[in-house]
Amino acid sequence: VVDLRGARHVLVEEVTDGAFIKNDVVMDRESSRMFVITGPNMGGKSTFIRMVALVSLMNQVGCFVPCDSATLPLFSAVMCRVGASDLQL
């Protein structure tokens, strides 16, 4: 189960002077096997996906997790490829 409440993307938050809107994410195998993330260009879809991956990685290595609350399992892999030009910060 992945349950993130008030999650933030710390790199985007740093570059934008803290103007990042917090997100809640709930993923479990019983109710959410797949997510379809849609929205307009420059709508934050890639940032949302990378935020979940970054929070998961930070948790895995024992860092501070930028969330109001977080429940995360141990992962065997964290993979995130969003597009052909995968450069962000």
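Everything in this summary refers to the structure shown in the same document. Predicted, not measured: the structure shown is a model, and the values here were computed from it.

1. Brief notes about the nonpolar core
Inference 1: Judged by nonpolar contacts, V2, L4, A7, V12, F20, V25, M51, V52, V55, V65, C67 and L72 together constitute the single largest core of 12 residues.
Inference 2: Only β1 (2–7) and α2 (45–60) provide two or more residues apiece to this core.
Inference 3: The contacts of L4, once residues within four sequence positions are left out, are N23, D24, V25, V55, C67, S69, A70 and L72.

2. Focus on the sheet that holds β1
Inference 1: Reading across from one edge, β2-β1-β3 is the order of the 3 strands in this open sheet, with antiparallel pairing throughout. The outermost strands of the open sheet, each flanked by one partner alone, are β2 (23–27) and β3 (69–71). Taking the axes of each pair of neighbouring strands and ignoring which way they run, one obtains an average angle of 10 degrees across the sheet.
Inference 2: Bridging between β1 and β3 involves 3 bridges; their strand directions are antiparallel. The residue bridging L4 from the neighbouring strand is A70, located in β3.
Inference 3: The sheet strands contacting α2 are β1 and β2, and the helix crosses β2 at an angle near 70 degrees.

3. Structural notes on the environment of S56
Inference 1: Its place among the elements puts S56 in helix α2.
Inference 2: For S56, a relative accessible area of 4% corresponds to the buried category.
Inference 3: Residues S56 and L72, 16 residues apart in the sequence, show an inter-C-alpha distance of 7.1 Å.
Inference 4: Residues in contact with S56, not counting those within four places in the same chain, are L72 and F75.

4. Comments concerning unusual backbone geometry
Inference 1: Although it is not a glycine, M42 sits at a positive phi angle of roughly 65 degrees.
Inference 2: Mapped onto the fold, M42 is located in the loop between β2 and α2.

5. Observations concerning the pairing of β1
The side chains of a regular strand alternate between the sheet's two faces.
Inference 1: Pairing geometry for β1 and β2, over 4 bridges, is antiparallel. By the bridge assignment for β2, D3 is matched with V26.

6. What about the environment of D28?
Inference 1: On the secondary structure map, D28 appears in the loop between β2 and α2.
Inference 2: For the pair formed by D28 and V1, sequence separation is 27 residues and the distance between their alpha carbons is 4.6 Å.
Inference 3: Once you skip the residues sitting within four places of it in the chain, D28 turns out to touch V1 and R33.
Inference 4: A polar side-chain atom of D28 sits 3.1 Å from the main-chain amide nitrogen of E30.
Inference 5: Here the side chain of D28 touches S31 through a polar contact of 2.7 Å, landing on its backbone nitrogen.

The rules behind each value
- Residues numbered from 1 in each chain as written.
- Predicted model: local features only at pLDDT ≥ 70, side-chain atom pairs only at ≥ 80, totals over all residues.
- Heavy atoms only, no water.
- Core = buried A, V, L, I, M, F, W, Y, C linked by side-chain atoms within 4.5 Å.
- Buried < 20%, exposed > 50% of the residue type's maximum accessible area, 1.4 Å probe, protein only.
- Helix = DSSP H or I, 4+ residues; strand = E, 2+ residues; numbered from the N terminus.
- Contact = heavy atoms within 4.5 Å.
- Pairing = 2+ DSSP bridges.
- Axes fitted to C-alpha atoms, helices over the stretch in contact; angles between N-to-C directions.
- Polar contact = N/O pair within 3.5 Å; in protein donor to acceptor, adjacent residues only side chain to side chain.

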